[in-house]
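Survey of secondary and tertiary structure
The lines below spell out each chain.
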Amino acid sequence: MTSPRTPVIRLDMTMSLDGFVVGPQDCVDAPMGIGGFRLFNWLDRRFDPGPDGQVFAEVNATRAVIAGRRTYEHAGRWQGDHHDGVPIFVLTHHVDEDDVPPGTVRYVTDVRECAARARAAAGSADVVAMGAGAAQALIRAGELDEMELHVVPVLLGRGRRLFDHLPADNIELELTRRLTARDVDPAHQVLHLRYRVQRTEARATDGDR
Amino acid sequence: MSPVIIASLQDSSSRPVAELSNDWKDEGMSRVFSTMAMSLDGFIAGPQDDAQNPAGIGGMRLMDWLGSGGDGDEGDGVEAFRPTDPSSRMVFEEAQSTGAVITGRRTGDFAGYWGGDHHGGVPIFVPTHQPPDHNPYERVHYVTDGIEACVEQAKAAAGERDVMLHGAYTIQEALKAGVLDRIEIQLRPVLLGQGRPLFDGLPPEHIELELVRVLKAPGVLHLRYEVQHA
């Protein structure tokens, strides 16, 4: 019960019931795409006592961040600090030599290396992963441990899907927690679902330290 | 402040617990709801679904919230699929208490129209552009003048009972036409990776929903959303 725990890499994403994390035509000037900010209504309640505040606080209790390149750029690079100065590992296909990453940001091109470094940096806390691209890369590599999904009761119709470009292999999950605040108006409703990813192969050699 | 529900799902204590207070049932008014099992990544069938393999590759994984289909004792039809878990059984029975079924042509064809009787002998309406030349089932009605007309006929046939709607494409058409009142999803804890999405080809205008019920059963989360008609 009290043995030291391996840091968990937990995806944290808000998505519409139809699976989109941003609306269409997302870019640096419109990071959530057309209409995509609808998904963040629930964050108006991020400091409320109760589930919405709890899940927000949990993200800020992580001690390392993994982000996809698009998410990182669209978020204005968080000006080099996502929260509390914890290390940010940006998963990217290409590192430009002239691009000096701000603050605690490091660029990593290999997903396994990215996961290992983030776990090592997190110490006894957890790692938060964000962005659809990073999520897919981590899932494909078998490096994602948990998912915390904030499912918003809206059909966006168009946009960028969280789950895409995955192989046709069933990946089994276990629902370990669900949180919903009561008496919230539909525009601010959200269902927080936490899943554990069931691994079929051991992640034996990837270096947890 | 609002009372908060924090449910631990570690034990699968299976008493139905209705959450989220809304009373969805307007007495005496037939309502149309869709019901589909969906993977967390949004698929209702695996890839390469066809008549030989209606659930597609790996897609049968989505169906096992239902009963086994019987232990070889033929003859009880849909009853053999009644789940044992109380919450799942309640959801199953709600579908079985509807007064009419609307099914997509594809779903209907794949299922062989349930031998002509989905449950309780209620009529089955099938929106289609091309009805088959030969229809062996007296309870199966092909409707060629659109989803609105199909829903209207099904509601009329259902009387005061609700109408159940099945099939991804048909659900999309009903959503686009604004004739779907509720979306029921049996959310399964699995990523299929590829397959046939439940929500696809919808317009970019948002369709607002309200989550009105969450029921947890082993291996399935039953979600009920009310469509907010503008």
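A short tour of the structure in this document, coming up. Please read all numbers here as calculations on a predicted model, not as lab measurements.

1. As for the overall build of chain A
Across its full length, chain A holds four helices and eleven strands. Relative to the globule expectation of 17 Å for 209 residues, the C-alpha radius of gyration of chain A, 17 Å, shows essentially globular dimensions. Of all intrachain contacts in chain A linking residues separated by at least 6 positions in sequence, the fraction that spans at least 24 positions is 70%. Counting every atom, chain A has about 9,200 Å² of accessible surface; 50% of that belongs to carbon and sulfur.

2. Brief notes about the interface of chain B and chain A
Each partner contributes residues to the interface: chain B has 46 residues there, and chain A has 47 residues. Here chain B packs against chain A, burying approximately 4,100 Å² in sum over the two surfaces, 58% of which is carbon and sulfur. For the pair chain B and chain A, the interface holds three salt bridges. Linking chain B with chain A are eleven residue pairs in polar contact (both at pLDDT 80 or more), by the criterion used here. Among the secondary structure elements, those contributing two or more residues to the side of chain B that touches chain A are β1 (4–8), β8 (182–188), β9 (190–191), β11 (207–217) and β12 (220–227) of chain B. When residues of the side of chain B that touches chain A are assigned to their parent elements, the largest contribution, seven residues, is made by β11(B). Per-class residue counts for the side of chain B that touches chain A are 30 nonpolar, eight polar and eight charged. Two elements, strand β10 (residues 171–181) of chain A and β9(B), share two bridges in a ladder whose sense is antiparallel. Within β9(B), the residue paired with A:E172 across the bridge is B:V190.

3. Remarks on helix α3 (residues 111–122) of chain A
Residues and elements named next belong to chain A. For α3, which comprises twelve residues, the first-to-last C-alpha distance of 16 Å matches the rise-based estimate of 16 Å (1.5 Å per residue) to within 8%. For α3, the complete set of buried residues consists of V111, C114, A115, A116, A118, R119 and A122. Lining the buried residues of α3 we find β1 (9–16), β3 (64–68), β4 (88–91), β5 (105–108), β6 (127–130) and α4 (132–140). Between the side-chain oxygen at the start of α3 and the backbone nitrogen of R112 there is a gap of 3.1 Å, and the oxygen is on D110. At the exit of α3 stands G123, carrying a positive phi of roughly 65°.

4. Some points on the pairing of strand β7 (residues 163–166) of chain B
As a general feature of sheets, a regular strand has side chains that alternate between the two faces. Residue and element names in this part refer to chain B. As judged from the three bridges shared by strand β2 (residues 32–39) and β7, these two strands associate in the parallel manner. The residue bridging F33 from the neighbouring strand is M164, located in β7. Two elements, strand β4 (residues 100–103) and β7, share four bridges in a ladder whose sense is parallel. By the bridge assignment for β7, T103 is matched with H166.

5. Side note on the environment of B:L209
Residue and element names in this part refer to chain B. Residue position: L209 is located in strand β11. Taking the relative accessible area as the measure of exposure, L209 reaches 0% and is therefore buried. Residues L209 and H229, spaced 20 residues apart in sequence, show a C-alpha to C-alpha distance of 8.7 Å.

6. Notes on the packing of aromatic side chains
Residues and elements named next belong to chain A. Using the criterion set out here, one finds six aromatic pairs over all chains in the structure. Note on F47 and F56: the rings are 5.6 Å apart at their centroids and 85° apart in plane angle, and the pair reads as edge-to-face. Arranged with centres 6.3 Å apart and planes meeting at 55°, the rings of Y72 and W78 form a pair that is tilted. With respect to class, Y72 is no different from W78; both count as buried. Site record: aromatic cluster; members linked through ring pairs are Y72, W78 and Y107. In this structure, R46 packs its charged tip against the face of F56, placed 5.8 Å from the ring centre.

7. Let's talk about the nonpolar core
The nonpolar side chains of a soluble globular protein tend to be buried with one another. If you look at the biggest cluster of nonpolar residues, it comprises 89 residues, and the most contacted ones within it are A:M147, A:L149, A:L162, A:F163, B:L175, B:I183 and B:F199. For this core, the element with the most residues is helix α3 (residues 147–158) of chain B, which contributes six residues. Not counting the four nearest positions on each side in its chain, B:I183 is found in contact with A:L155, B:S34, B:L175, B:F199, B:L209, B:L223, B:R224, B:Y225 and B:V227. Judged by nonpolar contacts, the second largest core, of twelve residues, contains A:F20, A:V22, A:V154 and A:V190.

8. Some details on the side chain of A:H83
Inspection of the secondary structure puts A:H83 in the loop between α2 (69–74) and β4. Residue class for A:H83 comes out buried when judged on its relative accessible area of 5%.

9. Looking at the side chain of A:R119
Its place among the elements puts A:R119 in helix α3. Among the polar contacts listed, one links the side chain of A:R119 to the side chain of A:D145, at a separation of 2.6 Å.

Analysis parameters
- Residues numbered from 1 in each chain as written.
- Chains lettered and ligands numbered in written order.
- Predicted model: local features only at pLDDT ≥ 70, side-chain atom pairs only at ≥ 80, totals over all residues.
- Heavy atoms only, no water.
- Helix = DSSP H or I, 4+ residues; strand = E, 2+ residues; numbered from the N terminus.
- Rg over C-alpha atoms; globule rule 2.2 N^0.38 Å.
- Contact = heavy atoms within 4.5 Å.
- Areas by Shrake-Rupley, 256 points an atom, 1.4 Å probe, with all protein chains shown as cover.
- Buried area = accessible area lost by both parts, 1.4 Å probe.
- Salt bridge = Lys/Arg side-chain N within 4 Å of Asp/Glu carboxyl O.
- Polar contact = N/O pair within 3.5 Å; in protein donor to acceptor, adjacent residues only side chain to side chain.
- Nonpolar A, V, L, I, M, F, W, Y, C, P; charged D, E, K, R; others polar.
- Pairing = 2+ DSSP bridges.
- Expected span 1.5 Å × (residues − 1).
- Buried < 20%, exposed > 50% of the residue type's maximum accessible area, 1.4 Å probe, protein only.
- Phe/Tyr/Trp six-rings, centres within 6.5 Å; stacked < 30°, edge-to-face > 60°.
- Lys NZ or Arg CZ within 6 Å of the ring centre and 35° of its normal.
- Core = buried A, V, L, I, M, F, W, Y, C linked by side-chain atoms within 4.5 Å.

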